[in-house]
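This is what each chain is made of:
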Amino acid sequence: MAESKEKFFELRNLTVKYHSGSSIIHAVNDVSLDLNAGETLGLVGETGAGKTTIAKSILRILSENSVESIDGEILFEGRRILDMEDKEMQAIRGKSISMIFQDPMTALNPVKTVLSQIAEGYKLHHNCTKAEANKRAIEMLEMVGIGEDRAEEYPHQFSGGMKQRVVIALALACSPRLLLADEPTTALDVTIQAQVLDLIRDLRNKLGTAMILITHDLGVVAEVCDKVAVIYAGRIIEKGTLEDIYDHPTHPYTCGLFAALPDMDKDVDRLSPIEGLPPDPSVIRDHCDFLERCPYACEKCKKFDNKMIEMTEGHFVRCWKANEEV
Amino acid sequence: MAALVETQDLKKYFKSGAGLVHAVDNISLKIEEGETVGLVGESGCGKSTLGRTLIHLNESTDGKIIFNGKDVTKLNKKQMKDFRKDVQMIFQDPYSSLNPRETVSDIIMEPLKLDGSFSREEIKNRTRELMDIVGIEKRLRMSYPHELDGGRRQRVGIARALALKPKFIVCDEPVSALDVSIQAQILNLLMDLQKDMGLTYLFITHDMSVVKHISNQICVMYLGQMVEMCDKKELFAYPLHPYTKALLSAIPTTDIHNRKERIILKGEIKSPINPGPGCRFASRCPYADESCNQGVQACEVRPGHYVVCNKAKEINQL
C-alpha cells in the first residue's frame, strides 16, 4: 500500500474473531478507518455491531480468553499497535490513547476515592510526586464540574451523571492525543449530556485531542463529529463526512436509522422501524449483511460482492445499488 | 372525559442516614382516560418513584391518589386486589425484569395463575393470545429470556403487563435500553395497544423525542417537584420554566445545518435530602434570586399550562 502521507491514526482491515463454545463470532470484519490529528469520528451502530470491540482492540484490552484472532493493522502515529511489546503499549495506554468507558457504574473502583483513582494514572505516566498528581486530579475534577470538597468521596456517593464525569476526568487527566469515547453520554440526562458534549468540544479545541466517538445516538454525532462511519454486523457499511452521511444518507440501513428516529420537528403518527433483527454473527456471509432486512433487496444482491463504492470523494457505501435506485 | 388517575399533593419521602429524601414532593396531576402523560426529568428526580407510588408499589408518605374515583390509600384488601389488576407496570430493563429461570410462557402466564379465576385451558389460550398481540412468535414459547434479544424481551414484559387487562400502565423507560430500530417497533406497538384497548399510560422517559412522539400531556419534573405541565404541543412551542427551556435546548438534533442556541446549565444539582422550602432548581437557574429560596407556587400561566416558578411571568414577559 502506497503511503503518500502518514495518517495520525489508521485502522487497516481490522478483523476480530471471538470464540464462543464451538462457534466463532465474527465481531469485526475488515474494518478500515483513518483519522487526522484533532479530528472527531463518529462510529455509529446498534448493540452488537462491533463498536466496542474496535475500541478495545485499539487499546489492546480485549480479554485474551475470548479472542480467537485479531488481524489487520492498527497504526498510531505511524507505529503498529498490534506488534508492540507490552511495555511499549503500557506507556501509550491511558496516556496517548485513553478511553471513556460506557458504564460509569462499573468503570470505577468502588473502594478508592475518585481523587486517588485519577491521581493514580497521572502519577504512573508522569513520574511526579503524589501532591502534584493530586493537584492535577483536582484540576480535572473541577474541569468536569465537581468541586474539590467532593474529591475524597467514593464512587457510590455520586450520581450516575457525576460518575460519568469522573470517568471523563480520568480519561483526560493525561491529555491524550486520541480519545476513545464509548457511549460517553448514553447514561446521562440531556442537560448533563449537553454539558459533557460542551466539555468534549472544548477539550478538542484546547488540546487538539482526536476522538473516536462510539454511539448509537445520531443526534450526539451531529453535535460533535467531523466524520461518520456506520457499522452493521461488524462491517462498515457507509462512511464519509458528517455532511455526506446526514445530507445524503445512501445505504438502506443508514436511511433506515434516520427514519426510525422520532422527529422533533415533525408530527408523525407511526415510526418506521427497520423490520427484522441483525444477522447471526457466527455466520460469515459473502453477500450483503443487510440483505434480509433491506427493502430494496433483490436476487442480484445475493451474487454481488461486498465491495465499497465511492459515491463522491471520501463517501463510501457498501451497496451495489447505491448509484442506482436507493 | 374523566380523569382516571389523579394525585393531590402526593409526597413520597425515604429515610436515609443523612435525613429525609424528598423523592416526590407535592405532586398534583391528572391523567385522563385513554391518554398518555409523559413524565420527563433527569435521572434521580423521582420519576420512577412517582410512577411506583401511583400504582401503590410504594406506600405514599402523604397526599391522595385517586384512581377511578376511589382513594387508593384507603382501599381494603379486596379492593386493593382489584386495583392491582387494573394497574400494571412495564420496566426499563428487559434484562433484569424477567425471571431468568422461567420460560416466556411461564412469565406471561404468571399473573393469570395468581389471579385464580381462570381455568387451565383459559390460561393457555390467553397466553397464546397475548403472545400474538405483542408479536412474539409461537416457537419462542419455551425459550428463556437470555435466548431473546432486547426487543423481544420487552415484548414479553408488555405481554405480562397486559395479561389481566389493566386500565392503566406505568411505562418506566420501556425503550431506553433498546436500539433505535427496535425502539421504533416497541413505540409503535405501545401506541397500537393503546388505541385497541383504550389503555392509559404514564410514560416515564428522559428522551424528549420519544416523549414528544407518544404523549398527549407532558409533565416535567425536577428533583421531586413538578416544574411544568401542559399539552405536548404547548410545551414544545412555549416552554415557560427555565429548566424546561434548558432541557429542550439541550436535545441533540440530527439537523446539522440549523443548530440551536444551547442553554448550558451551570452549578450543581441540589441534594434531595431535606431540601428546604424553595425552588430546587434555584442553584442552577440563571434567573434565580434570594426570593426563590423562600418558597415557590404553581400557577396556571396560560389555560391548562401550569408552571411552578415565581418568576415565570417576569421571564416570559407575560
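Scoring rules and cut-offs
Residues numbered from 1 in each chain as written. Chains lettered and ligands numbered in written order. Predicted model: local features only at pLDDT ≥ 70, side-chain atom pairs only at ≥ 80, totals over all residues. Helix = DSSP H or I, 4+ residues; strand = E, 2+ residues; numbered from the N terminus. Rg over C-alpha atoms; globule rule 2.2 N^0.38 Å. Contact = placed C-beta atoms within 7 Å. Domains from an automatic or database assignment. Pairing = 2+ DSSP bridges. Axes fitted to C-alpha atoms, helices over the stretch in contact; angles between N-to-C directions. Core = buried A, V, L, I, M, F, W, Y, C linked by C-beta atoms within 7 Å. Buried ≥ 20, exposed ≤ 12 C-beta atoms within 10 Å, placed from the backbone. Nonpolar A, V, L, I, M, F, W, Y, C, P; charged D, E, K, R; others polar. Parallel < 35°, antiparallel > 145°, perpendicular 65-115°, else oblique. Left-handed = near helix turned anticlockwise from the far one by under 90°.

Novice: So what exactly am I meant to see when it comes to the overall build of chain B here?
Specialist: Scanning chain B from terminus to terminus reveals 10 helices and 12 strands. Expected size for 318 residues packed as a compact globule is a radius of gyration near 20 Å; at 21 Å, chain B falls within 12% of this value. For chain B, the C-alpha atoms occupy an extent of roughly 65 × 55 × 45 Å along the three principal directions. Restricting the contact set of chain B to residue pairs at least 6 apart, pairs at least 24 apart contribute 64%.

Novice: What am I meant to see in the overall build of chain A here?
Specialist: Helix and strand counts for chain A stand at 10 helices and 12 strands. A globule of 326 residues ought to have a C-alpha radius of gyration of about 20 Å, and chain A, at 21 Å, matches this closely. Projecting the C-alpha coordinates of chain A onto the three principal axes gives extents of approximately 65 × 50 × 45 Å. If you take every contact in chain A between residues at least 6 apart in sequence, the share linking residues at least 24 apart comes to 64%.

Novice: Mind showing me how you'd approach the domain arrangement of chain A here?
Specialist: Accessible area lost on assembly of the parts is the figure often given for the size of an interface. All names here are of chain A. Taken domain by domain, chain A consists of domain 1 (7-96 + 177-269) and domain 2 (106-175). The straight-line distance from the C-alpha centre of domain 1 to that of domain 2 is 25 Å. Each side of the interface is counted separately: domain 1 has 13 residues, and domain 2 has 13 residues. Ranked by residues supplied to the side of domain 1 that touches domain 2, first place goes to helix H7 (residues 190-207) with six residues.

Novice: Looking at this model, I keep getting lost on the sheet that holds strand S3 (residues 40-44) of chain A. Mind explaining?
Specialist: One key point about sheets: their strands pair by backbone hydrogen bonds, in either a parallel or an antiparallel sense. Residue and element names in this part refer to chain A. A sheet is described by the order of its strands in space; here eight strands give the open sequence S6-S7-S8-S3-S9-S10-S12-S11, paired in mixed fashion. In the strand order of this sheet, the two ends are held by strand S6 (97-100) and strand S11 (309-312), each with one partner. On average, adjacent strands in this sheet sit at an angle of 20 degrees to one another, irrespective of strand direction. Sheet topology note: the S3/strand S9 (residues 227-232) ladder contains four bridges and is parallel. Among the inter-strand pairings, Leu41 is bridged to a residue of S9, identified as Lys227.

Novice: Can you help me understand the nonpolar core in this one?
Specialist: Counting 179 residues, the largest nonpolar core has A:Ile118, A:Ala137, A:Leu213, A:Val230, B:Ala159 and B:Leu202 as the members making the most contacts within it. Here this core takes eight residues from helix H6 (residues 160-172) of chain A, the largest share from any one element. Here this core gathers at least three residues from each of two domains, domain 1 (7-96 + 177-269) and domain 2 (106-175) of chain A. Excluding residues that lie within four positions of it along the chain, B:Ala159 makes contacts with B:Ile108, B:Leu130, B:Met131, B:Ile133, B:Val134 and B:Ile136.

Novice: Sorry if this is basic, but what is going on with the interface of chain B and chain A here?
Specialist: Across the boundary between the two partners, chain B contributes 28 residues, which contact 36 residues of chain A. When residues of the side of chain B that touches chain A are traced back to their parent elements, those giving at least two are helix H6 (180-197), helix H7 (208-214) and helix H9 (242-249) of chain B. At six residues, the largest contribution of residues to the side of chain B that touches chain A is made by H6(B). Here the side of chain B that touches chain A is built from residues that sort into 13 nonpolar, 10 polar and five charged.

Novice: Would you mind going over unusual backbone geometry with me for this structure?
Specialist: Among all residues except glycine, the phi angle is most often negative; among peptide bonds, the trans geometry is most common. Positioned with a positive phi, A:Glu183 is a non-glycine residue whose angle comes to about 45 degrees. Structurally, the position occupied by A:Glu183 is in the loop between strand S7 (178-182) and H7. By C-beta crowding, A:Glu183 is classed as buried, having 20 other C-beta atoms within 10 Å. Of note, B:Glu173 is a non-glycine position whose phi angle comes to about 50 degrees, a positive value. Tracing the backbone shows B:Glu173 in the loop between strand S7 (168-172) and H6. The buried category is assigned to B:Glu173, around which 21 C-beta atoms lie within 10 Å.

Novice: Which parts of the structure should I look at to understand the environment of A:Thr215?
Specialist: Residues and elements named next belong to chain A. Here Thr215 is to be found in strand S8 (residues 210-215). The spacing of Thr215 and Arg60 is 155 residues in sequence and 20 Å in space, taken between C-alpha atoms. The contact partners of Thr215, leaving out residues within four places of it in the chain, are Gly42, Val44, Glu183, Thr186, Val220 and Val221.

Novice: What's the story with the environment of B:Gly34 in this structure? I'm lost.
Specialist: All names here are of chain B. Following the sequence through the fold, Gly34 ends up in the loop between strand S2 (19-32) and strand S3 (36-40). Judged by C-beta crowding, with 16 C-beta atoms within 10 Å, Gly34 ranks as partly exposed. Sequence separation between Gly34 and Leu4 is 30 residues; the distance between their C-alpha atoms is 8.5 Å.

Novice: I keep staring at the packing of helix H4 (residues 114-126) of chain A against helix H5 (residues 130-143) of chain A and nothing clicks. Help me out?
Specialist: A pair of packed helices is characterised by two quantities: the angle between their axes and the separation of those axes. Residues and elements named next belong to chain A. In contact at an axis separation of 8 Å, H4 and H5 are set at 120 degrees when each is read in the N-to-C sense. Here H4 lies oblique to H5, going by the angle between them. Considering the relative orientation of H4 and H5, their crossing is right-handed. In this structure, H4 contributes Leu115, Ile118, Ala119, Tyr122 and Lys123 to the contact, and H5 contributes Lys130, Ala133, Asn134, Arg136, Ala137, Ile138, Met140 and Leu141. Class assignment of the residues belonging to the contact of H4 with H5 gives a composition of nine nonpolar, one polar and three charged.

Novice: Quick question: what am I supposed to make of the packing of helix H3 (residues 104-115) of chain B against helix H5 (residues 150-162) of chain B here?
Specialist: Residues and elements named next belong to chain B. The N-to-C vectors of H3 and H5 enclose an angle of 25 degrees; their axes lie 7 Å apart at closest approach. Taken together, the axes of H3 and H5 are roughly parallel relative to one another. Pair H3 / H5 crosses with right-handed handedness. Residues Val104, Ile107, Ile108 and Pro111 of H3 lie in contact with H5, whose contacting residues are Val156, Ala159 and Arg160. In terms of residue class, the contact of H3 with H5 is made up of six nonpolar, no polar and one charged.

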